[in-house]
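# Architecture and fold: a report
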Amino acid sequence: MAALAFTTRGSSLRKCSSSLRGVVENRLLFSTNAASFETDVNEAGASKKHPQSFVTDEVPLQDGELSDLPPFFHQNLRRGPSPPSHAKHSRHKNDGRDAYWRPPWKSRADIISAEDFANRPRVTFSEHFASLHDAMATLTWMTQNEKDGIYKMYLDLMTAMAEKGGDPKKDSWGVLSTNTSHEYVVRVIAQQYNITTSRAAGVIQLQHNEEQLNKDPNFKIRHDVQAFVDAKVRENHRDVYQSYGEKDPLTFVEDPVASTGIIGREDVGSAAVMGASDLVDIDSLVKKVKKMEKDEAGVRIKNHIYVEDVDDRTRNVKLDKDARRLHKMKNEFAGFYGNDGSKSSSEEEKEDTATSTKTKIPPIPEGAIPYPDNNLGYKANAKTRRPRWKFAAQIINTHSLENPSDSPQHGKRVAARIKARRHGRTVDGNTLIEEDGAVRVATVAELEQTSWKHVRNESEFMFKGVKDAWMRRQLEQEVGGWGRQEEVYNEPEQEISESESEEDNDAESKEGDDADSADSTENEEDK
């Protein structure tokens, strides 16, 4: 038979057809690039140095979970991985680019393989799995000792990286940077403890919050309760594994990716029938695609540019030619309505270089623009005005929206769809700020306070609090806002309430009455 008609049984088989073969052939160019990258490294005699100084070769970063994932899983992250039940949304440009979706699963516990779990019978005579092995489940718990180890490693890495980077205020490139990267540090810690980057970021942020609570003299952190809970959970897990006769993992481990529900079942049938040649080897194509994805993930990790810890208040947004033209025109007419005699930089350059032939604008008289409070000034201060609002404006060229240069579709409907998209931003940056009569380019910190701010970087948002504290420590020399803090809890003295004092007084009076009655009876007996 020249061709074979078969019915696909799962998503992987539907992909591993003639289209998969075409994709494999088209992506041979990438494998060549990966090979050339390795060749350049070998010819040089040493590995290629990362462009960011804080990235060290002493900690080689490894691939994430790639073995149990279907083909093209990481490549479809921008549109959302299969199945459709998984949340699909636009991702930040620096979010999820390092192929570290989940760490490779490794533990002492013995569980069923991902293939057998996906192809398990859908109809059984029992309502539950026979064992933890068949359920592909692990009972684990992260103790306080593990959390303290993660936080200590974070503190050591950040301080060592800061000492290596030098003084951040002596850089001449105009932007304040601490020469560190929380994204890189969290990535290293996650690989060391074999957990996801999101879990490592969450642990670091929560431990930072706990250290800040140590400074509150009225708040007590119950370490004894945490130790009791850890011991009870450990005892429960040990009893469960002993009842099933299986190995206890002993330490915390992430759930296998095959049991999380992110990957669809392999035994879901389909009524679609397609033709395939006898020469097509499905298993070989799947293996070849996974090898290509592994090579691609390795190259992407080596060349990944991490988000640096930069003060967004010193970094301006990008402007296009329309916004730059508007900014320039405002600076040229800065003294048109003012009476302070100040001149913009453009006017000074014009006067220095050549004489202007335009008619000079006469200055506005002193009393033409009166000051507040009957010309007395703001709060009785002479020649002062009330503080003004800060206005932000995003400059958008509607003509370019209706006729985008990089799209074959044009018209107002296309522009409306672009504006209506939830996570898509019409224009990146392009924001001007008007404050106290002066127009300037907005900073990234000011842009993030507007409604057209950037799409949230999930990985950066998880440790936003501890990152801000680190920036204040390095750039503003803040003391006590980051790192270990001494516990200053004061044990309150037990105060006796009024009801308890009244009861004590009643008891004492009653005892006194009893003693008096006893004395009177003794005297009567003596008589």
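Note that this is a predicted model, so its numbers are computed, not measured.

Summing up its helical and strand segments, the protein has 19 helices and five strands in all. Across the 527 residues of the protein, 32% fall into the buried class. A separation of at least 24 residues holds for 78% of the contacts in the protein among residues at least 6 apart in sequence. Carbon together with sulfur atoms contributes 51% to the accessible area of the protein, which is approximately 34500 Å² in total.

So, about the side chain of threonine 140. Summarising the element assignment, threonine 140 is placed in the loop between α5 (132-135) and α6 (144-165). A residue is classified by how much of its surface remains accessible, and threonine 140, at 17% relative accessible area, is buried. Here the side chain of threonine 140 touches valine 253 through a polar contact of 3.3 Å, landing on its backbone oxygen. Once residues within four sequence positions are removed from consideration, threonine 140 is found in contact with His237, Pro249, Thr251, Phe252 and Val253.

Considering soluble globular proteins, one finds that nonpolar side chains tend to be buried as a cluster. Of all hydrophobic cores here, the largest spans 30 residues; its most connected members are Ile150, Tyr154, Tyr184, Ile195, Ile204 and Trp482. If you list the elements that add at least two residues to this core, you get α6, α7 (182-193), α8 (197-213) and α18 (464-475). When residues of this core are assigned to their parent elements, the largest contribution, seven residues, is made by α6. Of all hydrophobic cores here, the second largest spans 11 residues; its members include Ala323, Ile433, Val439 and Ala442.

In the structure shown here, the tally under the stated rule is one cavity of 30 Å³ or more. The volume enclosed by the largest cavity comes to roughly 70 Å³. Taken together, Leu139, Thr140, Trp141, Thr143, Asp230, Arg234, His237, Leu250, Thr251 and Phe252 make up the full set of residues lining the largest cavity. Residue composition of the lining of the largest cavity, grouped by class: four nonpolar, four polar and two charged.

Applying the stated criterion across every chain, the model contains 18 salt bridges. A salt bridge links glutamate 476 to arginine 313; the shortest N-O distance between them is 2.9 Å. Of this pair, glutamate 476 sits in the loop between α18 and α19 (498-526) while arginine 313 is found in the loop between α10 (282-302) and α11 (321-332), placing the two residues 163 residues apart along the sequence. Sharing partners across several salt bridges, the network here consists of Lys390, Glu435, Arg440 and Glu446.

Another aspect to go through is α10. A rise of 1.5 Å per residue sets the reference length of α10, with its 21 residues, at 30 Å; its end C-alpha atoms lie 31 Å apart and thus fit the reference within 8%. Inspection of α10 places Leu285, Val286, Val289, Met292, Glu293, Glu296, Ala297, Val299 and Ile301 among the buried residues, and these make up the whole buried set. Among the residues of α10, the N-terminal cap falls to aspartate 281, whose side-chain oxygen and the backbone nitrogen of aspartate 283 are separated by 3.4 Å.

Here the focus is the pairing of strand β5 (residues 438-441). Alternating residues of β5 divide into Val439 and Val441, all buried, and Ala438 and Arg440, none buried. Bridging between strand β4 (residues 431-435) and β5 involves four bridges; their strand directions are antiparallel. Bridge pairing in β5 links isoleucine 433 to arginine 440. Taking the residues that link successive antiparallel strands as the turn, the β4-β5 hairpin has two residues, and the phi of aspartate 436 there is positive, at about 55°.

Residue placement: asparagine 375 occurs in helix α13 (residues 372-375). Considered as a pair, asparagine 375 and arginine 385 are 10 residues apart in the sequence and their alpha carbons are 9.6 Å apart. Among the polar contacts made by the side chain of asparagine 375, one reaches the main-chain amide nitrogen of tyrosine 371 at a distance of 2.8 Å.

On the surface, a nonpolar cluster with roughly 350 Å² of combined accessible area is contributed by Trp141, Val225, Phe228 and Val229. Checked against the element boundaries, valine 225 lands in helix α9 (residues 223-244). We classify valine 225 as partly exposed; its relative accessible area is 41%.

About the thresholds
- Residues numbered from 1 in each chain as written.
- Predicted model: local features only at pLDDT ≥ 70, side-chain atom pairs only at ≥ 80, totals over all residues.
- Heavy atoms only, no water.
- Helix = DSSP H or I, 4+ residues; strand = E, 2+ residues; numbered from the N terminus.
- Buried < 20%, exposed > 50% of the residue type's maximum accessible area, 1.4 Å probe, protein only.
- Contact = heavy atoms within 4.5 Å.
- Areas by Shrake-Rupley, 256 points an atom, 1.4 Å probe, with all protein chains shown as cover.
- Polar contact = N/O pair within 3.5 Å; in protein donor to acceptor, adjacent residues only side chain to side chain.
- Core = buried A, V, L, I, M, F, W, Y, C linked by side-chain atoms within 4.5 Å.
- 1 Å grid on protein atoms, 1.4 Å probe; cavity = no way out; pocket = protein on both sides within 12 Å on 5 of 7 lines; lining within 4 Å.
- Points joined across faces, edges and corners; volume = space filled by probe spheres on them.
- Nonpolar A, V, L, I, M, F, W, Y, C, P; charged D, E, K, R; others polar.
- Salt bridge = Lys/Arg side-chain N within 4 Å of Asp/Glu carboxyl O.
- Expected span 1.5 Å × (residues − 1).
- Pairing = 2+ DSSP bridges.
- Patch = residues over 30% accessible without salt bridge, like charges linked within 9 Å, V, L, I, M, F, W, Y side chains within 5 Å.

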